[in-house]
Amino acid sequence: MSEELPPSDAADREPVDAVDEVRATDADAWATAVAEDLAAEKARRRTQYGPPPGSAAEELRKLVDNVAEKLSGLQSPLLGGIAGPAAQQVVQQAKAAVEPVIERNPDVFDHLAAAGGELLAAYRSAVQAQEQRWSRRDDTLRDKGEDPGPERIDLD
């Protein structure tokens, strides 16, 4: 004898559909609760730390604006009244050159900032490893009663 599944009818589907609806409602409740918790945490951090920094492109714009503002107020006793307008003109030219690049490729600056962070982490790791080697060498020589003296450092 072969086993056959009983035919499905509408009565059997209703409980399954009801279970699916309960699961969907539970999933929505979970997503809603998580979203509310996240919003509350963001609000708490904003009040504690201030607004989060913008993208790298926005930060570059702020930097250029701040430099322009500082240079516009620059007064040099050697150059007289020429320093402020000349510096302002240089900043405006730089801003005119950078602004189209920022507009076309705002994500590039985020990637460059991330790459800079990675390079800094790699440099920090290399320096810490070298410092550990130096301190071990110095400790070994001091244990033997010798003066470690100057050491030639290969910067390649």
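Residues numbered from 1 in each chain as written. Predicted model: local features only at pLDDT ≥ 70, side-chain atom pairs only at ≥ 80, totals over all residues. Heavy atoms only, no water.

## Thoughts on the overall build of the protein chain
Across its full length, the protein chain holds four helices and zero strands. Reading the secondary structure of the protein chain in the N-to-C direction produces α-α-α-α. Carbon and sulfur atoms make up 58% of the accessible area of the protein chain, which amounts to about 13,200 Å² in all. (Helix = DSSP H or I, 4+ residues; strand = E, 2+ residues; numbered from the N terminus. Areas by Shrake-Rupley, 256 points an atom, 1.4 Å probe, with all protein chains shown as cover.)

## Observations concerning empty space enclosed by the protein
Counting across every chain of the model gives one cavity of 30 Å³ or more. Taken as a whole, the largest cavity holds about 40 Å³ of empty space. Around the largest cavity, the lining residues are R61, V64, D65, K95, V98, E99 and I102. At the level of secondary structure, the elements contributing two or more residues to the lining of the largest cavity comprise α2 (56-72) and α3 (83-104). (1 Å grid on protein atoms, 1.4 Å probe; cavity = no way out; pocket = protein on both sides within 12 Å on 5 of 7 lines; lining within 4 Å. Points joined across faces, edges and corners; volume = space filled by probe spheres on them.)

## Quick word on the pattern of salt bridges
Taken as a whole and assessed by the stated rule, the structure comprises six salt bridges. Across the pair R45 and E41 runs a salt bridge whose closest N-O atoms are separated by 3.0 Å. With a gap of four residues between them, R45 and E41 both fall in helix α1 (residues 10-49), about one helical turn apart. The class for R45 is partly exposed, based on a relative accessible area of 44%. Measuring nitrogen to oxygen at the nearest pair gives 3.5 Å for the salt bridge that ties E59 to K62. With E59 and K62 both in helix α2 and three residues apart, the pair spans about one turn of that helix. (Salt bridge = Lys/Arg side-chain N within 4 Å of Asp/Glu carboxyl O. Buried < 20%, exposed > 50% of the residue type's maximum accessible area, 1.4 Å probe, protein only.)

## Topic: the confidence of the model for the protein chain
In the predicted model, the protein chain carries a mean pLDDT of 75, and 63% of its residues have values of at least 70. Mean pLDDT values for the elements of the protein chain range from 75 in α1 up to 82 in helix α4 (residues 106-143). (pLDDT = per-residue confidence, 0-100.)

## Examining the environment of V101
Among the structural elements, V101 can be located in helix α3. Using a relative accessible area of 33% as the deciding quantity, one classes V101 as partly exposed. A sequence separation of 44 residues divides V101 from A57, and the C-alpha atoms of the two residues are 9.5 Å apart.

## Comments concerning the environment of S55
Note on placement: S55 falls in the loop between α1 and α2. Assessed through its relative accessible area of 25%, S55 is described here as partly exposed. Between the C-alpha atoms of S55 and A113, which are 58 residues apart in sequence, the distance is 9.5 Å.

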